[in-house]
Amino acid sequence: MDTVTRPRILVVGAGFAGVECVRRLERRLAPNEADLTLVTPFSYQLYLPLLPQVASGVLTPQSVALSLRRSEKYRTRIIPGGAIGVDLKSKVCVIRTVNGEIVNEPYDYIVLAPGSVTRTFDIPGLTDHAFGLKSLAEAAYLRDHVISQLDLADASHDPAERASRLQFVVVGGGYAGTETAACLQRLTHAAVKRYPRLDPSLIKWHLIDIAPKLMPELGEKLGRSAQEILTRRGIEISLGVSIAKAGAEEVTFTDGRTVPTRTLIWTAGVVASPLIATLDAETVRGRLAVNADMCLPGHDGVFALGDSAAVPDLAKGDDAVCPPTAQHALRQGRHVAENVIATLRGQPTRPYVHKDLGLVVDLGGTDAVSKPLGIELHGLPAQAVARGYHWSALRTGVAKTRVMTNWLLNAVAGDDFVRTGFQAHRPGNLRDFEYLDAYLTPEQVRQHVAEAGRAAR
């Protein structure tokens, strides 16, 4: 009796791009057309743009973590682990599971959507002393850390220590950094009222960026409006400045200033996942070079999208590539699923074309700046657009309900300023959360796959 083997489609990454791709494949493919597998260390999709609100306590962590196992109708097999290498020639993905076992997963078609990691530079002390905001654990940890600084300052009798614990530095004037500084400044401003021994004037927030403008993508007017809002709140903004050295109790800026602080938050951009380097394929500024249909040139059945792929932006032209935003990742996920199906059925693939719908920046409370469809908004209308966009982009009704409930409850009742003790027993800096040493080199990938093949024989 002949055994018919269904094509194996492997999706790497459960971010916006990966999950949208999987869900579209599940809807459009019959169960007997292909076997679907998703590789992810966590069985949830993280709604990354709302992490600053988790760090500031406006939203609970669970509300932005959309479970991939909640519904019984999904048929995709989930491998709990992280892809640490891909052998394109052998069509094998090397995976380290959550229990530490290294396994080989063969595929016929692979969709690479591993996302990105925090971009760092060779700055003394940076990875040892800076905090990131790229994962749910980092957001929860950061909230605990910021509140603990108020507790420790309140308990201290040393004026110098108290001053250093009440100064906070955020590096990165993009959306993530600006929203993080804005949301956490509101948290400390409200919390200090519950600490009668602390002088509110000692709490200082610094937002710095090497660029000459804050969020230049917003345009001159809205960027200036956002800067005025933050300055009015007391956040000191320094542009054209970065970090020269980071220590446990102070940070030195490139302009020579030294700021005593126990809190350095690094949000200065992202780079493609280190998984891309294991492919030994052409890249564009670290992102995998793909065609407009998101296929990898010279390799049948290999697709890449999202933050890790340099997808040509045909709407802009001039060799532009799509920026690493959730807006593009969502649409690329659905589009690449259609191209995988087309390839599977022997049909032509289509190039990805998408015009930017605009930008939204939530600064907390009634403060926001937005640019939907090129229309510049600020204040309450911008806040309505920003939260409306995020709410509508949430994938499930349960997530929408949780987020809306959190927003309403926070608006009415405020924050309880509770820290969970999550960060009490171990450090939680960039080095601890990124796991950058987990990936293999291209040579190690080939060697591992070859040895596994010989052992199987």
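Rules and cut-offs
- Residues numbered from 1 in each chain as written.
- Predicted model: local features only at pLDDT ≥ 70, side-chain atom pairs only at ≥ 80, totals over all residues.
- Heavy atoms only, no water.
- Pairing = 2+ DSSP bridges.
- Helix = DSSP H or I, 4+ residues; strand = E, 2+ residues; numbered from the N terminus.
- Axes fitted to C-alpha atoms, helices over the stretch in contact; angles between N-to-C directions.
- Left-handed = near helix turned anticlockwise from the far one by under 90°.
- Contact = heavy atoms within 4.5 Å.
- Nonpolar A, V, L, I, M, F, W, Y, C, P; charged D, E, K, R; others polar.
- UniProt positions renumbered as here; feature names shortened; annotations may be inferred.
- Salt bridge = Lys/Arg side-chain N within 4 Å of Asp/Glu carboxyl O.
- Buried < 20%, exposed > 50% of the residue type's maximum accessible area, 1.4 Å probe, protein only.
- Core = buried A, V, L, I, M, F, W, Y, C linked by side-chain atoms within 4.5 Å.

1. A word on the sheet that holds strand E22 (residues 309-310)
Sheet strands pair via backbone hydrogen bonds, and the direction of the pair is either parallel or antiparallel.
In step 1: The mixed open sheet is built from 3 strands, whose spatial order is E19-E20-E22. The open sheet has two edge strands, strand E19 (283-284) and E22, and neither has a second partner.

2. Let's talk about the packing of helix H1 (residues 16-28) against helix H8 (residues 326-344)
In step 1: Relative orientation of the contacting elements H1 and H8 amounts to 35°, with a least axis distance of 7 Å. H1 and H8 meet at a crossing whose hand is right-handed. Contact residues: Phe16, Ala17, Glu20, Cys21, Arg24, Leu25 and Arg28 in H1; Ala326, Ala329, Leu330, Gly333, Arg334, Val336, Ala337, Glu338, Val340 and Ile341 in H8.
In step 2: Within the contact of H1 with H8, the residues separate by chemical class into 11 nonpolar, 1 polar and 5 charged.

3. Things to note about the UniProt feature "domain: FAD/NAD(P)-binding" (unreviewed entry) in the protein chain
In step 1: According to UniProt, the feature "domain: FAD/NAD(P)-binding" (unreviewed entry) maps to residues 8-333 in the numbering used here.
In step 2: Helix makes up 27% of residues 8-333 and strand 28%, whereas the separation of the span's terminal C-alpha atoms amounts to 18 Å.

4. A short note on the pattern of salt bridges
In step 1: Applying the stated criterion to the full structure yields 21 salt bridges.
In step 2: Here Glu33 and Arg345 are joined by a salt bridge, their closest N and O atoms 3.0 Å apart. Taken together, the positions of Glu33 in the loop between H1 and strand E2 (35-40) and Arg345 in the loop between H8 and strand E23 (358-362) put the pair 312 residues apart, joining distant regions of the chain.
In step 3: Among the residues examined, Arg345 registers a relative accessible area of 35% and is labelled partly exposed.

5. With respect to the nonpolar core
In step 1: Ranked by internal contacts, the top residues of the largest apolar core, which has 110 residues, are Leu25, Val86, Ile110 and Leu112.
In step 2: In this structure, Leu25 is in contact with Ile9, Val11, Leu36, Arg75, Ala337, Val340 and Ile341, ignoring residues within four places of it in sequence.
In step 3: In this structure, Ile123, Leu126, Ile208 and Leu430 belong to the second largest nonpolar core, which totals 16 residues.

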